[in-house]
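Read off the chains here:
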Amino acid sequence: MLLDVRDLHAGYGALDVLRGVTLAVDRGEMVAVLGPNGAGKSTLLRAISRLDAAIRSGTIVFDGHDLVRASTVAGVRWGCLHVPEGRQLFSELSVDDNLRLGAYTVDRRTIDADVTAVYARFPALAERKAQTAFALSGGEQQMLAIGRALMARPKLLMLDEPSTGLAPQIVAQIFAILADLKRNGTALLIVEQNAYLTLQHADRAYVLEGGTIALAGTAADLAADPRVRAIYLGGSVT
Amino acid sequence: MFAAIVIAFGIAAAGNPSIAQAGTYAAIYGIAAMGLSLLMGNVNQISIGQAGFFGLGAYAVAYATTTWTLPGWLLWPLAAALGVAAAALAGIAVGFIALRFRGHFLAVATLAFGLICVGVFHEAAPLGGAIGIQDVPYPQFGALTISGYPAYWFAWAFAGLVALASINLLRGRTGRAFEAIRNDELAADVLGIPTRRYKILAFTYAGALAGLAGAIYASFLGIVVPDAVGVPLSITLLLMVVLGGNGSVSGALIGAAILGVIDISGHQFENSREVAYGVLVIVVVIVAPGGLFGLLRSRVARAPAAAAERAPVPARPRPPVPTGHNDAAPLAVTCVTKRFGGLVAVNDVSFTLERGTLTSLIGPNGAGKTTLFNAISGVGALTAGRIVIAGTDVTGLQPHRIAALGVGRTFQNARLFGEMTVLENVMAGSFRLERTTRGATERAHATLARLGLEHLAGTLARDLAFGDRRRVELARAIAADPWMLLVDEPAAGLNASERATLQRDLLALRDDGVTLLLIEHDMRLVMAISQRVLVLKFGALIADGPPDAVRDDPAVIAAYLGTSV
């Protein structure tokens, strides 16, 4: 397994959010994490990338490295990249500078080639390379956020709500890009509100509820499972 | 104890004019510092312009005593009253300014006020321009001239009165309001505490005290010049408060005493003095953020006070829930729209609640639920629309006015007053009903008993476990017996047993006749306890009906789970 999370408990201050989450992502897989608001989806990503969520117990092993004891930067260096909710671009900087800042942990000699590769993948960004990130449309901003993460040469890309605020055809475009990344061998862990659409593209999925895994299985099985809807909208799961 | 030190020092200084003088300055600065300490430490408002108020008091006395012809026993008191009144009026004006600014913007605004005052003193011909006013007479009461040694007792008599007045103010209802505002202004406002009025009061009080200090100063020194009441004095007062301990009367006096003595005895080191002040403050802020008095106090056990608070109080029978003013609907929201720049957070929403029902407001993240709650409770102005609570149009009213109608509210992130105990938090909740500390204490105990939280009464809110925090917030919201309650995500972060308790508490409130509107993401809870569910998506109401119908509504399913195409 590329990413192996076992019995993870995490939270913020006095608040416990994750109450024992076990999850794995293999190389070249697209795995979705679904669940209602407040279930702990974003906290899971924030714990794996060692941001502000405090880990109480459990293990996170990424590509043979212990992430629980590692810093965020170490995780990035090993190839575990987080595209956070709301993009979090450097909005006053140009598209080009945003991309280059994504390459902070890699060998400088490869940066130019990598930037060219990102522009080849996202022609819309190439046309706007001198503009500030602020001036981009929502879809372009999401592409830039993904492109910036690609600059660190990720083995695993974790995306938090990439479809938020985007029109349906732009969302389809983003998912096409993700499918292409997966074909090239990048593993993907994707947190999404849009459960049905995500299940169409993912290989497997976990449904979080109240900080624990309520359901897990192949995307096809879960798409047909009425319990998914019950978790989101209440009612009986059994 | 402080009085004893003052008296002992006064007796010891009897034969030594320069020591008595230092003591007098300590009293004068102490009066101004007590005002600033209350403003900064108790209400969390900064002012770097206190010398402006000080100057108003000083110039009023200097001008009046040199121009008016009145009998001696009347002259100084009238002149001082003029100075205090002028400073208090200026305090009201600065207080209004402070309603618009916060943090460092407020610091700059008050600094500007101080600079303006010095500028006016400098330019005003009747005030002597740059030379100021000379030969200000000493206060004269019959045969007694207040100068030199008697001035020590004169100044400390005022300082003592001010200390008593401040302690009295802070112990009562005003002190409770200040404490709540200091901890969380918004939460204080929705509990019915008129935060604007209290902030202006604090500025007025601090201004008046600085003016009084200036009045004593002018007649003690006999001369007032603009440079003496400039920015350096404002900074010195600030240092006294920080050094002695923010937010305590004793701290302000300790700080004033230390700097007052250094000021006089260190005259030959004029230039290095400012450096010493700077170093002192940095050391104090790092080593003892509570100031010198904070250091002293932390060694004194606070246990007896906590034990006293836990003395059993008979739980009062629960009063019937007032039903509002008339038979009008408890809440009618009509075509409400709220925009933030280009974002429409709430889009033309209308609904009416029925009395004594539990309605849930649900929707995906960013649907506008909390924005709508804010609109109903008066936080932020509406872009369009009308909100009527029990027949009263509350559109545009301040939060504390809406609370006064009998509407309670909790927050998504449980905005408790962290530095206050659970009991004090719940006491603040009954602010609009209970005028006396005793009444508020009894009601708070009764409310805690009702929710089974009595054992937490003495705990500081910031030390509470997460689940308890939510329940204490609920206790605070119902302490004033609201007949309508807006509850924002009460189940977030709770475990299964805490959720069961919450469900029981909410249903008990509904059965008592309270109208409840609930924002919640836990759908099992929502579906189990709601009589009606409203669904928001991108700010618009997309569904409204009983739980079962809403759960099977295709638009709601699409809002929550997306669509596969």
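Residues numbered from 1 in each chain as written. Chains lettered and ligands numbered in written order. Predicted model: local features only at pLDDT ≥ 70, side-chain atom pairs only at ≥ 80, totals over all residues.

**What about the overall build of chain A?**
Next up, step 1: Counting secondary structure elements, chain A contains 10 helices and 10 strands.
Next up, step 2: Computed over C-alpha atoms, the radius of gyration of chain A comes to 17 Å, within 12% of the 18 Å expected from 2.2 N^0.38 for 238 residues, which places it in the range of a compact globule.
Next up, step 3: With the C-alpha coordinates of chain A rotated into their principal frame, the extents come out at 55 × 40 × 30 Å.
Next up, step 4: Buried positions account for 45% of the 238 residues belonging to chain A.
Next up, step 5: Partitioning the contacts of chain A with sequence separation of at least 6, the portion at a separation of at least 24 is 66%. (Helix = DSSP H or I, 4+ residues; strand = E, 2+ residues; numbered from the N terminus. Rg over C-alpha atoms; globule rule 2.2 N^0.38 Å. Buried ≥ 20, exposed ≤ 12 C-beta atoms within 10 Å, placed from the backbone. Contact = placed C-beta atoms within 7 Å.)

**A word on the overall build of chain B**
Next up, step 1: For chain B, the count of helices and strands is 23 helices and 12 strands.
Next up, step 2: Looking at chain B as a whole, 51% of its 565 residues qualify as buried.
Next up, step 3: Pairs at least 24 apart in sequence give 75% of the contacts found in chain B among residues at least 6 apart.

**Some points on the domain arrangement of chain B**
Residues and elements named next belong to chain B.
Next up, step 1: Taken domain by domain, chain B holds domain 1 (2-299) and domain 2 (331-561).
Next up, step 2: Relative placement of domain 1 and domain 2: their C-alpha centres are 43 Å apart.
Next up, step 3: Contacts between the two partners involve 18 residues from domain 1 and, on the opposite side, 23 residues from domain 2.
Next up, step 4: For the side of domain 1 that touches domain 2, the secondary structure elements donating two or more residues are α7 (173-183) and α8 (185-190).
Next up, step 5: Among the elements that line the side of domain 1 that touches domain 2, the one with the most residues is α7, at 6 residues.
Next up, step 6: Broken down by class, the residue content of the side of domain 1 that touches domain 2 amounts to 9 nonpolar, 4 polar and 5 charged. (Domains from an automatic or database assignment. Nonpolar A, V, L, I, M, F, W, Y, C, P; charged D, E, K, R; others polar.)

**Overview of the pairing of strand β4 (residues 54-62) of chain A**
All names here are of chain A.
Next up, step 1: The sheet contact formed by strand β1 (residues 3-12) and β4 spans 7 bridges and is antiparallel. Bridge assignment links V5 to a residue of β4, and that residue is I60.
Next up, step 2: The turn joining β4 and strand β5 (residues 65-66), which pair antiparallel and follow one another in sequence, is formed by 2 residues; a positive phi near 50° is taken by D63. (Pairing = 2+ DSSP bridges.)

**A word on the confidence of the model for chain B**
Residues and elements named next belong to chain B.
Next up, step 1: In the predicted model, chain B carries a mean pLDDT of 88, and 93% of its residues have values of at least 70.
Next up, step 2: Low pLDDT, under 50, characterises residues 301-321; the predicted model gives this stretch 19 contacts beyond four residues in sequence or across chains.
Next up, step 3: Predicted complex, confidence summary: ipTM 0.80, pTM 0.83. (pLDDT = per-residue confidence, 0-100.)

**Considerations on the pairing of β1(A)**
Regular strands place their side chains on alternate faces of the sheet.
All names here are of chain A.
Next up, step 1: Bridge analysis of β1 against strand β2 (residues 15-25) gives 8 bridges, and the strand direction is antiparallel. Paired with Y12 across the strands is L15, a residue of β2.
Next up, step 2: Hairpin connection from β1 to β2: 2 residues lie between these consecutive antiparallel strands, with G13 at a positive phi of about 55°.

**A look at the nonpolar core**
Residue and element names in this part refer to chain B.
Next up, step 1: Core analysis: the largest hydrophobic core is formed by 250 residues, its most contacted members being Y29, I31, L209 and A213.
Next up, step 2: Domain assignment of the residues forming this core places at least three in each of domain 1 (2-299) and domain 2 (331-561).
Next up, step 3: Excluding residues that lie within four positions of it along the chain, I31 makes contacts with F158, A159, V162, L209, L212 and A213. (Core = buried A, V, L, I, M, F, W, Y, C linked by C-beta atoms within 7 Å.)

**Considerations on the interface of chain B and chain A**
Next up, step 1: At the junction of the two partners, chain B supplies 19 residues and chain A supplies 16 residues.
Next up, step 2: Elements that contribute at least two residues to the side of chain B that touches chain A include exactly α21 (523-529) and α23 (554-561) of chain B.
Next up, step 3: Classifying every residue of the side of chain B that touches chain A by side-chain character gives 11 nonpolar, 6 polar and 2 charged.

**Some details on the environment of B:G458**
Next up, step 1: Looking at the secondary structure, you find B:G458 in the loop between α18 (437-450) and α19 (466-478).
Next up, step 2: Along the backbone, B:G458 and B:E424 are 34 residues apart, and their C-alpha atoms lie at a distance of 8.6 Å.

**Notes on the sheet that holds β2(A)**
Residues and elements named next belong to chain A.
Next up, step 1: The 4 strands are arranged β2-β1-β4-β5 in an open sheet whose pairing can be described as antiparallel. The open sheet is flanked by β2 and β5, the only strands paired with a single partner.
Next up, step 2: Sheet strands in contact with helix α1 (residues 41-48) are β1, β2 and β4, and its direction is about 70° off that of β2. (Axes fitted to C-alpha atoms, helices over the stretch in contact; angles between N-to-C directions.)

**Re the packing of helix α3 (residues 50-67) of chain B against helix α9 (residues 195-221) of chain B**
All names here are of chain B.
Next up, step 1: Two elements in contact, α3 and α9, have axes separated by 6 Å at closest approach and are oriented at 45°. Looking at the two axes, α3 sits oblique to α9. For the pair α3 and α9, the sense of crossing is right-handed. For the pair formed by α3 and α9, the contact residues are Q50, F53, F54, G55, L56, G57, A58, A60, V61, A62 and T65 on the first element and A206, G207, A210, G211, L212, A213, G214, A215, Y217, A218 and S219 on the second.
Next up, step 2: Partitioned by chemical class, the residues of the contact of α3 with α9 number 14 nonpolar, 8 polar and no charged. (Parallel < 35°, antiparallel > 145°, perpendicular 65-115°, else oblique. Left-handed = near helix turned anticlockwise from the far one by under 90°.)

**Some thoughts on the sheet that holds strand β4 (residues 343-353) of chain B**
Residue and element names in this part refer to chain B.
Next up, step 1: Pairing is antiparallel in the open sheet, where 4 strands are placed in the order β4-β3-β6-β7. Only two strands of the sheet have a single neighbouring strand rather than two, namely β4 and β7 (392-393).
Next up, step 2: The pairing of strand β6 (residues 384-389) with β7 spans 2 bridges and is antiparallel. Paired with I389 across the strands is T392, a residue of β7.

**Some words on unusual backbone geometry**
Next up, step 1: You will see that A:R153, though not glycine, has its phi angle at about 55°, which is positive.
Next up, step 2: Its place among the elements puts A:R153 in the loop between α6 (138-150) and β7 (156-160).
Next up, step 3: Overall, A:R153 belongs to the partly exposed group, with 18 C-beta atoms counted inside 10 Å.
Next up, step 4: Unlike most non-glycine residues, B:A414 shows phi in positive territory, near 40°.
Next up, step 5: Along the chain, B:A414 turns up in the loop between β8 (407-409) and α17 (422-429).
Next up, step 6: By the C-beta count within 10 Å, which is 24 here, B:A414 ends up buried.

**A look at α18(B)**
Next up, step 1: An ideal rise of 1.5 Å per residue puts 20 Å on 14 residues; α18(B) measures up with 20 Å between its terminal C-alpha atoms.
Next up, step 2: Listing the buried residues of α18(B) in full gives B:A440, B:T441, B:R443, B:A444, B:H445, B:A446, B:T447 and B:L448. (Expected span 1.5 Å × (residues − 1).)

**Quick notes on the environment of A:A47**
Residues and elements named next belong to chain A.
Next up, step 1: If you trace the backbone, A47 turns up in helix α1.
Next up, step 2: Once the C-alpha coordinates of A47 and L18 are considered, the two residues, 29 residues apart in sequence, prove to be 9.4 Å apart.
Next up, step 3: In this structure A47 touches L8, A10, L18, A53 and I55, once residues within four positions along its chain are discounted.

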